[in-house]
Amino acid sequence: MTAPAILPSRGLPDRLTGLFWRKPNLLLILLITPPLLWLGLIYLGSLAALLLQSFYSIDEFSGVVNKEFTLKTYAELFRAQNLDIILRTLLMSAAVTVACAILAFPIAYYAARFAKGRWKAAFYLGVMLPLWSSYLVKVYAWKLILAKEGILTWATDATGTGFLISGLLSIPGLGGSSLSTSYIGTFLVFVYVWLPYMILPMQASLERVPTSMLEASADLGATRRQTLRTVILPLALPGVIAGSIFTFSLTMGDYIIPQIVGNSARFIGLAVYQQQGTAGNIPLAAAFAVVPIVIMVIYLMLAKRAGAFDAL
């Protein structure tokens, strides 16, 4: 009679593997608990603290924060100078988003419908390469490019097209002594920095447009323009919405570009930075920071109601 086989004792890893195999929900809970804790404590916790600070006020004489709930700080947002900051930021964010969408569409369409193999790899490399360099280096480089003695002015003077820049700089409210000290310069830098965030979602959305629908549109006698308007653009809308979320929100919150390029006019991000730093008015800084959050929540709700996220 043979002796029974002696199996090696099961170690802790084997027992855990068996437990997770029998109870997969336990493994799922263990995997999602750390990111949920991070999201709940760090991200949502900081937002809650921000919202709480916005309901405080600051004593104008002593500069001490009065920790009593009040809407006084939010009322300060409707002062002329603060309302001007909000409107200026919204207009710049909308203009940057529209410009990025117009510039990104032909690039994304070519990459989605025509680029193959190495050309598609070159496309991704070209779009991602600017994101690999330092943000500050790019902004300061653009300041030099747009300066009065910069390469752009030199190129326009050499080609006899300097009158174009002079005409742009003479526009009331937008121009200035040079592109680097005008709203136009700020707009150009914003578009350059955030353009990749519009191209990539739009390209991914255009790749999901079935070729059969384009062929069916052509078989029914639609022109290329009609196909673009009635088939491609509606199906590419989720990518446009996704990209606009990045470009619009990032422009609203940025405080570095307006500080370096432009005429020193304040935007929401710069106002938050100055109020919590130089001025020490943390409640007003928190109230300013709540504005982009409210705007983006409303925007996302409207986009969801319009069905823009159905294909994402």
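Located above this text is the structure these notes cover.
Rules used throughout
- Residues numbered from 1 in each chain as written.
- Predicted model: local features only at pLDDT ≥ 70, side-chain atom pairs only at ≥ 80, totals over all residues.
- Heavy atoms only, no water.
- Helix = DSSP H or I, 4+ residues; strand = E, 2+ residues; numbered from the N terminus.
- Rg over C-alpha atoms; globule rule 2.2 N^0.38 Å.
- Buried < 20%, exposed > 50% of the residue type's maximum accessible area, 1.4 Å probe, protein only.
- Contact = heavy atoms within 4.5 Å.
- Areas by Shrake-Rupley, 256 points an atom, 1.4 Å probe, with all protein chains shown as cover.
- Lys, Arg positive; Asp, Glu negative; His and termini not counted.
- Charge placed at Lys NZ, Arg CZ, Asp CG, Glu CD.
- Expected span 1.5 Å × (residues − 1).
- Bend = angle between axes of the 7 residues up to and from the residue.
- Axes fitted to C-alpha atoms, helices over the stretch in contact; angles between N-to-C directions.
- Parallel < 35°, antiparallel > 145°, perpendicular 65-115°, else oblique.
- Left-handed = near helix turned anticlockwise from the far one by under 90°.
- Nonpolar A, V, L, I, M, F, W, Y, C, P; charged D, E, K, R; others polar.
- Salt bridge = Lys/Arg side-chain N within 4 Å of Asp/Glu carboxyl O.
- Polar contact = N/O pair within 3.5 Å; in protein donor to acceptor, adjacent residues only side chain to side chain.
- Phe/Tyr/Trp six-rings, centres within 6.5 Å; stacked < 30°, edge-to-face > 60°.
- Core = buried A, V, L, I, M, F, W, Y, C linked by side-chain atoms within 4.5 Å.

Engineer: Outline the overall build of the protein, listing residues and values.
Structural biologist: When you go through the protein residue by residue, the secondary structure sums to 14 helices and 2 strands. For the protein, the C-alpha radius of gyration of 27 Å lies well beyond 20 Å, the compact-globule estimate for 312 residues. Taken across its 312 residues, the protein has 35% of its residues classed as buried. In the protein, of all internal contacts separated by at least 6 residues, the share reaching a separation of at least 24 is 67%. Counting only carbon and sulfur atoms, one obtains 70% of the accessible surface of the protein, whose full area is about 19,200 Å². Distance between charge centres in the protein, computed from 22 positive and 13 negative side chains, equals 10 Å.

Engineer: So what's going on with helix α9 (residues 183-207)? Which residues, and what values?
Structural biologist: Compared with the 36 Å implied by 1.5 Å per residue over 25 residues, the 35 Å span of α9 between its first and last C-alpha is a close match. Where α9 bends most, the angle comes to about 45°, and this point is Trp-194, followed within four residues by the proline Pro-196. Most of α9 is tucked away: 18 of the 25 residues are buried.

Engineer: How would you explain the packing of helix α13 (residues 268-276) against helix α14 (residues 282-305) if you had to name every residue and give the values?
Structural biologist: When two helices pack together, their arrangement is given by the angle between their axes and by how far apart the axes lie. In the contact formed by α13 and α14, the axes pass within 8 Å of each other and the chain directions differ by 160°. Judged by the inter-axis angle, α13 sits roughly antiparallel to α14. The handedness of the crossing between α13 and α14 comes out as left-handed. Contacts from Ile-268, Ala-271, Val-272, Gln-275 and Gln-276 of α13 reach α14 at Ile-282, Leu-284, Ala-285, Phe-288, Ala-289, Val-291 and Pro-292. Here the residues of the contact of α13 with α14 are counted per class, giving 10 nonpolar, 2 polar and no charged.

Engineer: Talk me through the pattern of salt bridges; I want residue IDs and the actual numbers.
Structural biologist: One pass over the structure, following the stated rule, counts 2 salt bridges. Close ionic contact of Asp-84 with Arg-88 constitutes a salt bridge, the shortest N to O distance being 2.2 Å. Residue Asp-84 and its partner Arg-88 are both found in helix α4 (residues 80-113); the two are separated by 4 residues, about one turn of the helix. The partner of Lys-120 in a salt bridge is Glu-207, with the nearest N and O atoms 2.5 Å apart. With Lys-120 in helix α5 (residues 118-132) and Glu-207 in helix α9, this pair connects stretches of sequence that are 87 residues apart.

Engineer: Any chance you could break down the environment of Arg-88 for me, citing the residues and the numbers?
Structural biologist: Under the relative-accessibility criterion, Arg-88 is labelled buried at 17%. Placed 32 residues apart in sequence, Arg-88 and Tyr-56 show a C-alpha to C-alpha distance of 26 Å. In this view, Arg-88 contacts Tyr-183, Ala-265, Arg-266 and Phe-267; residues no more than four positions away in its chain are not counted. Within the local environment of Arg-88, its side chain forms a polar contact with the side chain of Tyr-183, the two groups lying 3.0 Å apart.

Engineer: How would you sum up the packing of aromatic side chains? Please name residues and give values.
Structural biologist: Where two aromatic rings form a pair, the distance of their centres and the angle of their planes describe that pair. Here the structure, examined in full by the defined rule, presents 13 aromatic pairs. Aromatic side chains Trp-142 and Tyr-192 sit 5.4 Å apart centroid to centroid with 50° between the ring planes, which places their arrangement in the tilted category. Within this pair, whereas Trp-142 is found in helix α6 (residues 135-146), its partner Tyr-192 is found in helix α9, the two being separated by 50 residues in sequence. Judged by its relative accessible area of 32%, Tyr-192 falls in the partly exposed class. Considering the side-chain rings of Tyr-255 and Tyr-273, the 4.8 Å spacing of their centres and the 15° angle between planes classify their relative orientation as stacked. One end of the pair, Tyr-255, is in the loop between α11 (224-253) and α12 (257-260); the other, Tyr-273, is in helix α13, and 18 residues separate them in sequence. Of the residues examined, Tyr-255 reaches a relative accessible area of 31% and is grouped as partly exposed. A residue is classified by how much of its surface remains accessible, and Tyr-273, at 36% relative accessible area, is partly exposed.

Engineer: Would you mind going over the nonpolar core in detail, with residue names and values included?
Structural biologist: Counting 39 residues, the largest nonpolar core has Val-96, Met-202 and Leu-206 as the members making the most contacts within it. Broken down by secondary-structure element, the contributors of at least two residues to this core are α4, α5, α6, α8 (162-169), α9, α11 and α12. Looking at this core element by element, the count peaks at 12 residues for α9. Contacts of Met-202, omitting those with residues within four sequence positions, involve Ala-101, Ala-104, Phe-105, Ala-108, Gly-239 and Val-240. Counting 11 residues, the second largest nonpolar core, distinct from the first, contains Tyr-74, Ile-86, Ile-268 and Val-291.

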